[in-house]
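Structural overview for review
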Amino acid sequence: MKRMKLVMVGNGMAGVRTLEELLKHAPDLYDITVFGAEPHGNYNRILLSPVLAGEMTLPEIMLNDLDWYREHGITLHAGKRVTQIDRVRRRVVADDGTGAEYDRLLLATGSTPFIPPIPGKALPGVLAYRDIADTEAMIEAAGRYRHAVVIGAGLLGLEAANGLMLRGMDVTVVHLADWIMERQLDRAAADMLQASLEAKGMKFLLARQTDALVEGEDGRVAAVRFKDGAEIPAQLVVVAAGIRPNYALAESAGLYCGEGRVRGIHVSDTMQTVTDPRIYAVGECVAHRGVAYGLVAPLFEQGKVCANHLANFGIGRYEGSVTSTKLKVTGIDVFSAGDFSGGDGTEEIVLHDRQGGVYKRLVLRANRIVGAVLYGDTADGAWYFQLMKDGQDVGAIRDHLMFGQNHLGDTGHKGENKAAAMADTAEVCGCNGVCKGTIVKAIKEKGLFTLDDVKKHTKAASSCGSCTGLVEQILASTVGGAYQAVSAHDKPVCGCTEHSHGEVRKAVRELKLLTIPDAMRALGWKTPNGCATCRPALNYYLISTWPHEAQDDPQSRFVNERAHANIQKDGTYSVVPRMLGGLTTPDELRRIADVADKYAIPTVKVTGGQRIDLLGVKKDDLPKVWKDLGMASGHAYGKSIRTVKTCVGAEHCRFGTQRSMAMGVDLERMLFGMWSPHKVKLAVSGCPRNCAEAGIKDVGVIGVDSGWELYVAGNGGIKTEVAQFLCKVASREEVMEYSGAFLQLYREEGYYLERTVHYVHRVGLDYVKLRVVEDAANRQALFERLLYALRDYEDPWAERAAEAAAPVLKRQFETLEA
Amino acid sequence: METTTLDPAAAAAGTGWKTICRLEDIPVLGARVVASRQGDIAIFRTADDEIFAMHDKCPHKGGPLSQGIVHGRQVTCPLHGWKIELESGEAVAPDVGCAGRFEVRLVDGRVMLRA
Ligand code: SRM
Ligand SMILES: Cc1cc2nc3c(=O)[nH]c(=O)nc-3n(C[C@H](O)[C@H](O)[C@H](O)COP(=O)(O)OP(=O)(O)OC[C@H]3O[C@@H](n4cnc5c(N)ncnc54)[C@H](O)[C@@H]3O)c2cc1C
Ligand code: SF4
Ligand code: FES
């Protein structure tokens, strides 16, 4: 088959990322030709700042070297600038006459530095800061001259000034506005930033307008003169007064590039130019819904969507991005996101510690974060940004919002929570023993931009995940604004699909998908039978959406749920029989003791869930152990109901107001066999002294004199989270109905491996109350669906231990005979 | 349940092909374990009814690969999620290690192993 021809103009970060995404989807669809005006492969432009500062070298910042193009069969014309697009003949021509024909054309020409019309701007020694050539020229000048002036105190200007200063120059930053980085920072934060840069030796002239650049005797720039007549020496002038989308080529080809304030190649949500559907555009050259972006995170999102359409998949739309910025000056932490200008209908939370050099300001509108400025302590930047992008209601966490995510509880990193302040040797991931230096090195050397990349290459945050926040911070501080936390809402389930958990759930429901192969077919899975991440998720979505109809697939369950026991590090298993509400009998205890003796079980332990664990059982022995125990499975292995912890309650306790043991037993019996997105734990206490620790359970029930208080979405694990008050009810029946309805809501809407706490964070407690407390009909319907799903559930242990058990159930426990 | 060891003579000679079970005794996208003088061997079956065998020991920390989830021509170890290529026994990059494969073949629906 003849391949289509794809030509790309502009060999920069957005364009090449688009090609990478395209090659992932459709490696053979196109013959690809790339024109790049710079004589290099694709490099990480962002890291030009550390290069200028002498912290990195040019070879270290290459993302795609020439071999990469060769390996992928891409023809690269490096150092050739396209000067003409002939849309009729579908051809582009470069300045040296090289031509190429296209079926589809991708424009990724980036932007051009804006140089204000100041007399003398063309003098030698006057530079912009955009590419390798500029950086090299600055480094060269720093070796020969003493005085530098940077015009513009935005991100780029300050990074340039910092680099030149570190290279020994005497640097003055000149700025038109009253304070620095006025587009990203408010005055208070800017003043603090300026003070710490001044402490490093940088000089500032604010609210100054440049009149002219003065020529010296050698023909090179020698000074900067201001409107007020003052003059300062400068043998190097870096103009960092902003960037403009580079649309000249596109406009000359008749593509619509806007007018007035919104200039740039106009594209639709599919990244096609509005003028010519064969021509796509991504990156800083683009104007999308009236916005031109200047940070890579949104550009990469554009690239992803564009690649999807170039690959003829036709799904995915780019709908714009919210951006955040970080200044990459070593030792200084500044973070800014969203709209912090305040104004009508907004409220502010401000923390200002002048002495400690910390300033934080959050701007809220209707209980949602709309802007954030952080100085000195940016540890929670990624978190605030995520809350902001998700539009999450922060009403419930408002009083401790300012103190950061870690204030909500975090274990396992010695309380370490500031990535920037950590030493390179400090351990970040306690599960896999990965230290900060290893992560930073991998990010820089391998050109990693996403959390997933870092997980894959370093293993950090790939086990319990509690260090995810730290790793995100390290990413953010290493790659600057290029890092954009992906929200779980739209993150694909795994590499096998483009679809998010939400989309998969929806499709399973709307298309009534009943088997995994059907679901994979309907949703265009990229792998023949998924992977260990998506198959268990799919299996859960099928059986929870279509109980008694969808096919439960044991091969798509984690071994624990297949073997109905917990696998141990040595390949043996643990067996935890169910003890409803933590209650047992002498007879059960005797049987447990006998079983432990008979099968030489090495460890017998009381668990944190009020029952007994037999650890170290050989797999072949499992069915016999179950049979001899004669107790039901405790599902200690499942994404399912685990335990209902109880205290002694009014049955015995002198303070007890309600019969908590009986309540716990009833709840646990009702929920027997309930599969859920993640494990589910309940507790029932007989009075507010709360000996059953109901405050950190998925559902906590606390007896009071007049009835029961219900709490939901607590968690005692990786991140301790206190359960939130749902409502108060009077009777035992209501406790069952409300708890059941809440759990069914979670079962129907939760994403796989999302605990109730995360689910409720995502949808908001108000929503849960609306569906479970305020809407009685809906509550009853939910409750009925739960009972229907749980109907006829058989104890898996009894089933598998029975003599007559189906061979398919038993065979997994049998080692083969030759 | 009893476990039998492979014919010791044949195993020592390294030539013996032994019938282990029938194809349908292994679940699709699943595995079975065979006890042998060289330790447990895992035999896997893919969605396309291909079969593969290797030591039932993950090169990472010895996890029982037979208990993992099979997908495509890979298995994900149940303990810490390394992915192992069924054909070669090699861990999928960036992890490094090899579980050591055995020859298996399918003859008239019978699974034969050479160990
Ligand atoms: C046996 C037990 C420890 C003990 O000896 O006390 C235990 C053992 C394990 N816990 Fe736990 N947890 C046990 C109570 C708890 C508790 C306390 C509780 O339930 O009251 C917690 C905190 C409460 C909570 O869940 O919110 C707890 C929080 C965790 C977590 C973190 C969950 C989280 O969302 O933060 C994990 C990891 C996971 O599930 O992903 C985990 C995972 C595990 C696993 C299953 C790890 C694994 O995947 O193999 C451990 C299995 C050990 C084994 O080899 O058998 N275990 N685990 C407890 C069993 C209780 C039971 O009777 O079923
Ligand atoms: C010093 C510096 C620091 C930065 N720091 C950050 C940061 O911390 N975080 C962040 O998110 N972003 C940062 N950025 C911005 C980021 O680098 C850009 O957003 C990103 O590179 C834009 O990608 P692009 O592909 O649109 O354009 P570019 O990467 O500029 O690529 C466009 C390419 O097209 C070429 N080209 C243009 N016209 C033609 C033509 N007619 N023919 C052939 N080739 C052509 C150009 O030469 C250029 O190589 C920084 C930028 C600079 C300069
Ligand atoms: S039992 Fe729980 S806390 Fe203990 S090591 Fe295992 S997972 Fe960690
Ligand atoms: S033992 Fe297999 S992944 Fe660790």
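This text gives an overview of the structure that appears in the document. Only a predicted model underlies this, so the values are computations on that prediction, with no experimental measurement involved.

Attention now goes to the packing of aromatic side chains. Ring pairs (aromatic) are described by centroid distance and by the angle formed between their planes. Residues and elements named next belong to chain A. If you walk through the whole model with that rule in mind, you get nine aromatic pairs over all chains. Plain terms: the ring middles of Trp68 and Tyr69 are 5.0 Å apart, the flat faces sit at 90 degrees to each other, and that makes the pair edge-to-face. Each member of the pair Trp68 and Tyr69 is classed as buried. Cluster of aromatic residues (ring-pair linked, three or more members): Tyr540, Tyr541 and Tyr752. Of note, Arg557 hangs over the ring of Trp675, and the distance from its end group to the ring centre comes to 4.0 Å.

Residues and elements named next belong to chain A. What surrounds ligand 2 is a group of 35 residues, the closest being Ala14, Glu38, Arg130, Glu284 and Lys328. With respect to ligand 2, the side chain of Glu38 contributes an N or O atom lying 2.7 Å from an oxygen atom. Val296 places a polar main-chain atom, nitrogen or oxygen, 2.9 Å from an oxygen atom of ligand 2. Protein contacts shield 95% of the accessible area of ligand 2, which totals 990 Å² for the unbound molecule. Sort the elements by how many residues they give to the shell around ligand 2 and helix H1 (residues 13–25) lands first, with three residues. Grouping the constituent residues of the shell around ligand 2 by class yields 15 nonpolar, 12 polar and eight charged.

This paragraph deals with the site of ligand 1. Residue and element names in this part refer to chain A. The environment of ligand 1 is formed by 22 residues, the closest being Gln568, Thr607, Gly608, Arg611 and Lys679. The side chain of Lys697 places a nitrogen or oxygen atom 3.1 Å from an oxygen atom of ligand 1. Here an oxygen atom of ligand 1 and a side-chain polar atom of Arg755 are 3.0 Å apart. At the level of secondary structure, the elements contributing two or more residues to the shell around ligand 1 comprise strand E33 (612–617) and strand E34 (641–646). Here the shell around ligand 1 is built from residues that sort into three nonpolar, 11 polar and eight charged.

All names here are of chain A. Reading across from one edge, E11-E18-E12-E13-E14 is the order of the five strands in this open sheet, with parallel pairing throughout. Taken across any chain shown, the strands that pair with only one partner, and hence form the sheet edges, are strand E11 (126–128) and strand E14 (203–205). Taken over all neighbouring pairs, the strand axes of this sheet differ in orientation by 25 degrees on average, direction set aside. Of the strand pairs in this sheet, strand E12 (residues 147–151) and strand E13 (residues 170–174) are connected by five bridges, and their pairing is parallel. The partner of Ala148 across the bridge, within E13, is Val171.

Moving on to the interface of chain B and chain A. Taken together, the contact between chain B and chain A spans 35 residues of the former and 30 residues of the latter. Summing both sides of the interface, chain B and chain A together bury roughly 2,600 Å²; the carbon and sulfur share of this comes to 57%. Put simply, chain B and chain A have zero salt bridges between them. Across the chain B-chain A interface, the total number found is 11 residue pairs in polar contact (both at pLDDT 80 or more). Those elements that place two or more of their residues in the side of chain B that touches chain A are strand E1 (17–22), strand E2 (30–34) and strand E5 (69–71) of chain B.

So, about the nonpolar core. Soluble, globular proteins show a tendency: their nonpolar side chains are buried together. Among the nonpolar cores identified, the biggest contains 72 residues, and Leu158(A), Leu164(A), Leu193(A), Leu197(A), Ile439(A) and Val471(A) are the most heavily contacted of them. No other element matches the six residues that helix H5 (residues 155–166) of chain A contributes to this core. Ignoring sequence-local partners within four residues, the contact set of Leu197(A) consists of Leu158(A), Ile180(A), Met202(A), Phe204(A), Val329(A) and Ile332(A). Core analysis: the next-biggest nonpolar cluster, separate from the first, contains 66 residues, Trp525(A), Leu629(A), Met631(A) and Phe52(B) among them.

All names here are of chain A. Note on placement: Ser336 falls in strand E24 (residues 334–338). Judged by relative accessible area, which is 5%, Ser336 ranks as buried. In this structure, Ser336 is in contact with Gln184, Leu185, Ser324, Thr325, Ala372 and Val373, ignoring residues within four places of it in sequence.

Let us look at the side chain of Thr756(A). Residues and elements named next belong to chain A. Structurally, Thr756 can be placed in helix H22 (residues 756–763). Engagement of the side chain of Thr756 in a polar contact is seen with the side chain of Asp698, the distance being 2.5 Å. Setting aside anything within four residues of it in sequence, one finds Thr756 in contact with Asp698, Ala713, Gly714, Phe742 and Tyr746.

This brings us to the packing of helix H23 (residues 765–774) of chain A against helix H24 (residues 776–790) of chain A. All names here are of chain A. Here H23 crosses H24 at 85 degrees, and the two axes come no closer than 5 Å. Considering their axes alone, H23 and H24 lie roughly perpendicular with respect to each other. Across the interface between the two elements, Arg771, Val772, Val773 and Glu774 from H23 touch Ala776, Asn778, Arg779 and Leu782 from H24. Class assignment for the residues of the contact of H23 with H24 results in four nonpolar, one polar and three charged.

Reading the values: rules and limits
- Residue indices follow the written sequence of each chain, beginning from 1 at its first position.
- Numbering of ligands from 1 and lettering of chains from A proceed in the order in which they are written.
- Residues qualify for local features only when their pLDDT is at least 70, as the model is predicted, and side-chain atom pairs are given and counted only at 80 or more; totals for whole chains, interfaces and linings, by contrast, use all residues.
- To get the side-chain values, all heavy atoms of the structure are used, and hydrogens and water are removed first.
- Pairing of aromatic rings covers Phe, Tyr and Trp, the last through its six-membered ring, and needs centres within 6.5 Å; plane angles under 30 degrees mean stacked, over 60 mean edge-to-face, and all others mean tilted.
- Here's how the labels work: a residue is buried when its accessible area is under 20% of the maximum for its type, exposed when over 50%, partly exposed in between, all with a 1.4 Å probe on protein chains only.
- Criterion for a charge above a ring: Arg CZ or Lys NZ at most 6 Å from the ring centre, at most 35 degrees from the ring normal.
- In these notes, residues near a molecule or strand are those with any non-hydrogen atom within 4 Å of it.
- Side-chain atoms alone can form a polar contact between residues adjacent in sequence; in general such a contact is a pair of N or O atoms within 3.5 Å, and within protein one must be able to donate a hydrogen while the other accepts it.
- Under the convention used here, a 1.4 Å probe and the Shrake-Rupley method define accessible areas, while residue burial counts only the protein chains that appear.
- By the criteria applied, helices consist of DSSP H or I runs no shorter than four residues and strands consist of E runs no shorter than two, each listed in order from the N terminus.
- All residues other than Ala, Val, Leu, Ile, Met, Phe, Trp, Tyr, Cys, Pro, Asp, Glu, Lys and Arg, Gly among them, are scored as polar; the first ten of these are nonpolar and the last four charged.
- Strands are treated as partners if at least two bridges between them are detected by DSSP.
- Between the N-to-C directions of two axes lies an angle of 0 to 180 degrees, each axis being a line fitted to C-alpha atoms and, for a helix, fitted only over the stretch in contact.
- Contacts between residues were defined by any pair of non-hydrogen atoms, one from each residue, lying within 4.5 Å.
- A quick way to say it: buried area is the sum, across both parts, of accessible area lost when two parts are put together, with a 1.4 Å probe.
- Only one rule defines a salt bridge in this text: a Lys or Arg side-chain nitrogen within 4 Å of an Asp or Glu carboxyl oxygen.
- For this analysis, a nonpolar core means a set of buried residues of the types Ala, Val, Leu, Ile, Met, Phe, Trp, Tyr and Cys, connected via side-chain atoms within 4.5 Å.
- An angle counts as roughly parallel when it lies under 35 degrees, as roughly antiparallel when it exceeds 145, as roughly perpendicular when it falls between 65 and 115, and as oblique in every other case.

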